[in-house]
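# A closer look at the structure
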Amino acid sequence: WYDGGLNPECPSEWPTGKTLPDRGVLFLGTEGAMFCPGAGGEPQILNDSRRQKFEETPQSIARVANHAKDWIDACRGQRAAGSNFAYGSRLTKLALLGALSLRTGKAISWDAASSTARDLPSAAAIVKEDYRSGWEI
């Protein structure tokens, strides 16, 4: 959930007497909440009145049965991997910006062109640390 073991508060829609699991994603909106358990579990709409309005979305993204084979097939030029570098790099940036926000304790307004946090110069030392002498790039 959060760095350091901090957990979010249970939303009012969460089942009474149950605690949040160790991992997952909790979406809190103005009209209700949704929970997606870790490891590919089924998403759950937590507000009963909204559940009746929910329609299953057709799958439009090909599923991968074996991630290692998918990667090897991509290396062989058969098709792009499901978790290709273009997608993975954007996802990694998002995760690293979340970690940067946790480390600074501040909201991050990111300038991608300059790779800097706007109005937060203290973040620069975390984003690009100085290398020890002899290890420079």
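In the block above lies the structure referred to throughout.
What comes next concerns the included structure. What you see is a predicted model; the values in this text were computed from it and never measured. (Residues numbered from 1 in each chain as written. Predicted model: local features only at pLDDT ≥ 70, side-chain atom pairs only at ≥ 80, totals over all residues. Heavy atoms only, no water.)

Let's shift gears to the pattern of salt bridges. Counting across every chain of the model gives three salt bridges. For the salt bridge of Lys69 with Asp73, the shortest nitrogen-to-oxygen distance reads 2.9 Å. Separated by four residues within a single helix, Lys69 and Asp73 lie in helix 2 (residues 67-75), roughly one turn from each other. For Lys69, a relative accessible area of 48% puts it in the partly exposed group. Between Arg79 and Asp73 there is a salt bridge, and its shortest N-O distance comes to 3.6 Å. A cluster of three or more residues bridged by salt bridges with shared partners is formed by Lys69, Asp70, Asp73 and Arg79. (Salt bridge = Lys/Arg side-chain N within 4 Å of Asp/Glu carboxyl O. Helix = DSSP H or I, 4+ residues; strand = E, 2+ residues; numbered from the N terminus. Buried < 20%, exposed > 50% of the residue type's maximum accessible area, 1.4 Å probe, protein only.)

With that settled, the discussion passes to the layout of surface pockets. Quantified by volume, the second largest pocket comes out at close to 350 Å³. Every residue along the wall of the second largest pocket is listed here: Ile61, Ala62, Arg63, Val64, His67, Gly82, Ser83 and Tyr87. Of the residues that constitute the lining of the second largest pocket, the class distribution is four nonpolar, three polar and one charged. (1 Å grid on protein atoms, 1.4 Å probe; cavity = no way out; pocket = protein on both sides within 12 Å on 5 of 7 lines; lining within 4 Å. Points joined across faces, edges and corners; volume = space filled by probe spheres on them. Nonpolar A, V, L, I, M, F, W, Y, C, P; charged D, E, K, R; others polar.)

This brings us to the side chain of Asp70. Mapping Asp70 onto the fold places it in helix 2. With residues up to four places along the chain from it excluded, the contact list for Asp70 reads Val64, Arg79, Ala81, Gly82 and Ser83. (Contact = heavy atoms within 4.5 Å.)

Moving on, we get to the sheet that holds strand 2 (residues 32-37). Within the open sheet, the three strands sit side by side as 1-2-3. Their pairing is antiparallel. On the outer flanks of this sheet lie strand 1 (24-29) and strand 3 (44-45), each paired with one strand and no other. Note that strand 1 and strand 2 share six bridges and pair antiparallel. Paired with Gly29 across the two strands is Gly32, which belongs to strand 2. (Pairing = 2+ DSSP bridges.)

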